[in-house]
Amino acid sequence: MTEVTYEGLTFVPYITRKEIEARVAELGRQIVADSKGTTPLFICVLNGAFPFASDLFRAVEEIDAEITFVRLKSYEGTGSTGKVKELVGLSEDIKGRTVIVVEDIIDTGKTMHRLVEDLRSKEPADVKIATLLFKPDALVCPVKPDYVGFNIPTKFIIGYGLDLNGLARNLNDIYILKEE
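Rules of the game
- The residue numbers shown here count from 1 along each chain, following its written sequence.
- The model is predicted, so local features are restricted to residues of pLDDT at least 70 and side-chain atom pairs to those at 80 or more, both for listing and for counting; the totals for chains, interfaces and linings are taken over all residues.
- Side-chain numbers here rest on the full set of heavy atoms in the structure, without hydrogens or water.
- Numbered from the N terminus, helices here are DSSP runs of H or I no shorter than four residues, and strands are runs of E no shorter than two.
- The globule rule is 2.2 Å times the number of residues to the power 0.38, and the radius of gyration it is compared with is taken over C-alpha atoms.
- Summary of the burial criterion: residues with accessible area below 20% of their type's maximum are buried, those above 50% are exposed, and those between are partly exposed, where the area comes from a 1.4 Å probe applied to protein chains only.
- In what follows, residue pairs with any heavy atoms lying within 4.5 Å of each other are defined as contacts.
- Note on areas: these come from Shrake-Rupley sampling with a 1.4 Å probe, and a residue is covered only by the protein chains present in the view.
- A pair of strands is treated as paired once DSSP finds two or more bridges between them.
- Here a pair means two rings of Phe, Tyr or Trp (six-membered ring of Trp) with centres within 6.5 Å. Their orientation is stacked below 30 degrees between planes, edge-to-face above 60, and tilted elsewhere.
- Only C-alpha atoms enter the line fits that serve as axes; for helices the fit covers just the stretch in contact. Angles between N-to-C directions range over 0 to 180 degrees.
- Oblique is the label for any angle not covered by the other classes, which are roughly parallel (under 35 degrees), roughly antiparallel (over 145) and roughly perpendicular (65 to 115).
- Two helices crossing with the near one rotated counterclockwise from the far one by less than a right angle form a left-handed crossing, whereas a clockwise rotation gives a right-handed crossing.
- Gly falls in the polar group here, along with every residue not listed as nonpolar (Ala, Val, Leu, Ile, Met, Phe, Trp, Tyr, Cys, Pro) or charged (Asp, Glu, Lys, Arg).
- By definition here, a salt bridge exists when the distance from a side-chain nitrogen of Lys or Arg to a carboxyl oxygen of Asp or Glu is within 4 Å.
- Any pair of nitrogen or oxygen atoms within 3.5 Å is treated as a polar contact; in protein, a donor-acceptor pairing is required on top of that, and neighbouring residues in sequence qualify only through side-chain atoms on both sides.

Trainee: Would you mind going over the overall build of the protein with me for this structure?
Mentor: Helix and strand counts for the protein come out as 3 helices and 10 strands. When the helices and strands of the protein are placed in sequence order, the string is β-β-α-β-α-β-β-β-α-β-β-β-β. Against the 2.2 N^0.38 benchmark of 16 Å for 180 residues, the protein shows a C-alpha radius of gyration of 16 Å, consistent with a compact globule. Referenced to the eigenvectors of the C-alpha coordinate spread, the extents of the protein come out at roughly 50 × 35 × 25 Å. When burial is assessed residue by residue, the protein has 47% of its 180 residues classed as buried. For the protein, restricting intrachain contacts to residue pairs at least 6 apart in sequence, the fraction spanning at least 24 positions comes to 66%. Only carbon and sulfur atoms are counted for the fraction: they give 47% of the accessible area of the protein, which is about 9000 Å².

Trainee: What should I look at first to understand the sheet that holds strand 1 (residues 4-6) in this one?
Mentor: In a beta sheet, neighbouring strands are held together by backbone hydrogen bonds and run either parallel or antiparallel to one another. Read from one edge to the other, the open sheet built from 4 strands follows the order 1-2-10-9, with strand pairing classed as antiparallel. A strand with exactly one partner marks an edge of an open sheet, and here the two such strands are strand 1 and strand 9 (157-158). Across 3 bridges, strand 1 lies against strand 2 (residues 9-15) in antiparallel orientation. Looking at the pairing, Tyr6 lines up with Leu9 of strand 2.

Trainee: When you look at the packing of aromatic side chains in this model, what are you seeing that I'm missing?
Mentor: What the rule picks out here adds up to 2 aromatic pairs. Seen in terms of ring centroids, Phe11 and Phe156 are 6.1 Å apart; in terms of plane orientation they differ by 55°. Their pairing is tilted. Of the two residues, Phe11 sits in strand 2 while Phe156 sits in the loop between strand 8 (147-151) and strand 9, which places them 145 residues apart along the sequence. On the basis of relative accessible area, Phe156 is assigned to the buried category, the value being 12%.

Trainee: I tried to follow the packing of helix 1 (residues 17-34) against helix 2 (residues 50-58) on my own but got confused; where do I start?
Mentor: For any two helices packed against each other, one specifies the crossing angle of their axes together with the interaxial distance. For the pair helix 1 and helix 2, interaxial distance at closest approach is 8 Å and the crossing angle is 50°. Relative to helix 2, helix 1 is oriented oblique. Like other packed secondary-structure pairs, helix 1 and helix 2 cross with a definite hand, here right-handed. The segment helix 1 lies against helix 2, with Arg17, Val24, Leu27, Gly28 and Ile31 engaging Phe52, Asp55 and Leu56. Residues that form the contact of helix 1 with helix 2 fall into these classes: 5 nonpolar, 1 polar and 2 charged.

Trainee: Mind showing me how you'd approach the pattern of salt bridges here?
Mentor: Pairs can form between side chains of opposite charge whenever their charged atoms are close. All told, the structure shown has 11 salt bridges when counted by the stated rule. For Glu66, the salt bridge is made with Arg97, and the minimal N-O distance between the two is 2.9 Å. Of the two residues, Glu66 sits in strand 4 (residues 66-76) while Arg97 sits in the loop between strand 5 (79-88) and strand 6 (98-106), which places them 31 residues apart along the sequence. According to the relative accessible area criterion, Arg97 is buried, its value standing at 19%. A salt bridge links Arg169 to Asp163; its shortest N-O distance comes to 3.2 Å. What makes Arg169 partly exposed here is its relative accessible area of 25%.

Trainee: It is not clear to me how the environment of Ser35 should be interpreted in this structure. Could you clarify?
Mentor: Examined against the element boundaries, Ser35 turns out to sit in the loop between helix 1 and strand 3 (41-46). In this structure the C-alpha to C-alpha distance between Ser35 and Thr98, which are 63 residues apart in sequence, comes to 8.4 Å. Each residue touching Ser35, except ones within four places of it in the same chain, is listed here: Pro40, Ile63 and Ile100. Within the local environment of Ser35, its side chain forms a polar contact with the backbone oxygen of Ile31, the two atoms lying 2.8 Å apart.

Written out as structure tokens, the structure is:
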């Protein structure tokens, strides 16, 4: 892993693909144990959570599960806009179902808070949150993820689904903005 540059910003290695794979496997085991007797519906928040959701969904192969996708956006450049814009919604009936929302990162919690409120209005049996990355120090909304890959500082990161204006999502590792 070497440093990478996007839009004039330099990022240094932070979490390796091997570390991600090991943690996703652990989260998968937790979800399998917690989901016995149910057929959870994984709701992947596009675009960023796609790599994590794909890996996590395969890590729960011991149980029956389904997956669907929603698309929400609140970021532009390296900062949150503070507004959540729903782009593509949920079409499945989730009444009485266990739902596991899969997100790449929870920062302020605004996006997740709104999504969970929307989901709860559809009367699921349970709504759980799985996030690869969690910035507890940035949280401004009452959001408590059930499954957390890594707690991280309030710094900008890219890779493994996380982007800078659409770029860098395809990096296998996670990189953090280099301190100047």
